[in-house]
Each structure stands twice: as C-alpha cells, then as structure tokens.
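An overview of the molecular structure
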Amino acid sequence: MSAASPSWPKLPSQSICLIRHGQTTANRDSIIAGRLDVSLTDLGRQQARALRGHSWPGAIALFSSPLERAQQTCQLGFPDQEFHCHPGLRERDWGQFEGAPLAKLPPRAGRPEGGEDWSEMIIRVAEAITACCAQAQDRLPVLVCHSGVIRATRLLAGQHSTGARAPNAHPISFVWVNDSHKEVAHAL
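Residues numbered from 1 in each chain as written. Predicted model: local features only at pLDDT ≥ 70, side-chain atom pairs only at ≥ 80, totals over all residues. Heavy atoms only, no water.

**Concerning the side chain of Ser 147**
For clarity, the threshold we go by: Here a helix means four or more residues in a row that DSSP labels H or I, a strand means two or more in a row labelled E, and each is numbered from the N terminus. Any two residues having at least one pair of non-hydrogen atoms within 4.5 Å are treated as being in contact.
By the element assignment, Ser 147 lies in helix H5 (residues 147-156). Filtering out sequence-adjacent residues up to four positions away, Ser 147 remains in contact with Arg 20, Glu 91, Arg 165 and Ala 166.

Here it is in structure tokens:
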C-alpha cells in the first residue's frame, strides 16, 4: 500500500517536523531493530549533538518515541529542552523479523508474523501526530522518531510513496502550505 487511503485520518492543518534518531548499532550493522532497544553509536551521538546547531523558526515543542535511541537523540540534540514521550511515535513491530538482517525485511504492506500491520501503524502515527500537535499549541511540534514513522507520515501527508529511508538526525519538515503538507529536508 503506497498511495494515500481515504480511510486514513487527516493530519492536522499545521507544519510539523520529524527527525529520525541518530545512527544506532542496528543501523550500522544492517539489522532490523523495530521495537528492540538499541543504543546510538559514537557517530549517532555526534549526529544527535549536531542538532544543537539547527536554527528553528520559533518556539518548538519536543516529542520523542519511548525507545532509547530516540530519547538519547533528544537528550543530546536538545539538552536544555524538555521533551515528552509519546508511545505512538515508536517504530513498527516487525515481529519475528526483529534482530534479523535488513536483507530479510518483509514487504511493508500487511502484517509480519507476530508484528504490526502497516495500515494499523499508519493510523497509530496519525493519532500520535494529532495528539502532539494539540499539546504543542502554538509551538512547532518536533518529533524525534523512526524511519517507519516518517514513511507513514509521507503517506498521511498525501505523498504517493513512502520514499527512501530518512537520514539519521536530519530534520524533515512537513510544511502546511495551500491546504497541503510539503516535505522539506533541512541541511545541518
């Protein structure tokens, strides 16, 4: 399933920013991490710290997946900023494939054995983003999350593809312009 589905919830009519966590040991070793708690590598910690130099257009409200790699990225990249964990920002549960080589990743559509269905994840992500936007009020919601969450957001934003895996620790904005979200990647 790649194109937007009319049955999926709509994202709030506002700009949001998503950041994939810094590089992890699983990323480095090409392992499917999913919901496994894996640590940032030295490079991942450097990537997270580099977020300190990013210029934001105004006040932000920071949210994180409850997984360790996202929380570490928040702590290192935003050391003076309070953040809130939201369970809906966690990565997809890949079931029996967690911990397997990335080359064994099953197709995105459907439910991997013992895991989370892709359509259910998309709905979970929409609900999480909506809740974070409401809590952010007039601040820009910045969500430190995972590649799967960003891919689901692309579909929710009306794109026809999940796109490539997001780079680690690079802000990706979904800017609300003319009644739709436009994806904008930022350089650090």
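Moving on from the coordinates now.
**Things to note about the pattern of salt bridges**
Counted only if it meets this: Throughout this description, the term salt bridge denotes a Lys or Arg side-chain nitrogen within 4 Å of a carboxyl oxygen of Asp or Glu. Remark: exposure states derive from per-residue accessible area (1.4 Å probe, protein chains only) relative to the maximum for the residue type, with buried under 20%, exposed over 50%, and partly exposed in between.
Summed over all chains, the structure comprises 6 salt bridges. One salt bridge in this structure joins Arg 111 and Glu 120, with 2.7 Å as the shortest N-O distance. By relative accessible area, Arg 111 is classed as partly exposed at 48%. Here Glu 120 falls in the partly exposed class, since its relative accessible area comes to 41%. One salt bridge in this structure joins Arg 154 and Glu 183, with 3.0 Å as the shortest N-O distance. Placement of the pair is Arg 154 in helix H5 and Glu 183 in strand E6 (residues 180-185), with a sequence separation of 29 residues. Under the relative-accessibility criterion, Glu 183 is labelled partly exposed at 27%. Each of Arg 35, Glu 116 and Arg 124 takes part in salt bridges that share partners, so that together they form one network.

**Focus: the pairing of strand E4 (residues 140-145)**
Threshold: DSSP bridges decide pairing: two strands pair if at least two such bridges lie between them.
Burial of E4 is extensive: 6 of the 6 residues sit out of reach of the surface. Where strand E1 (residues 16-20) lies against E4, 4 bridges are found, and the strand directions are parallel. Bridged to Ile 19 within E4 is Val 144. Note that strand E2 (residues 60-64) and E4 share 5 bridges and pair parallel. Note that in E4 the partner of Phe 63 across the bridge is Leu 143.

**Let's talk about the packing of helix H2 (residues 42-50) against helix H3 (residues 68-77)**
Note the threshold: Under this scheme, a helix contributes an axis fitted over its contacting stretch, all axes are lines through C-alpha atoms, and angles between N-to-C directions fall in the 0 to 180 degree range. Working rule for angles: under 35 degrees goes down as roughly parallel, over 145 as roughly antiparallel, 65 to 115 as roughly perpendicular, anything else as oblique. Put simply, a crossing is left-handed when the front helix is turned counterclockwise from the back one by less than a right angle, and right-handed when it is turned clockwise. Residue polarity is assigned by list, with Asp, Glu, Lys and Arg as charged and Ala, Val, Leu, Ile, Met, Phe, Trp, Tyr, Cys and Pro as nonpolar; anything else, Gly included, falls into the polar class.
Where H2 meets H3, the closest approach of the two axes is 7 Å, and the angle between their N-to-C directions is 50°. What the angle tells us is that H2 and H3 run oblique. Crossing of H2 over H3 shows right-handed handedness. Residues Arg 45, Ala 48 and Arg 49 of H2 pack against Thr 73, Leu 76 and Gly 77 of H3. By residue class, the composition of the contact of H2 with H3 is 2 nonpolar, 2 polar and 2 charged.

**Let's talk about the pairing of E1**
Of all 5 residues in E1, 5 are buried; the element is thus mostly enclosed. The pairing of E1 with strand E5 (residues 171-177) spans 4 bridges and is classified as antiparallel. Paired with Ile 16 across the two strands is Phe 174, which belongs to E5.

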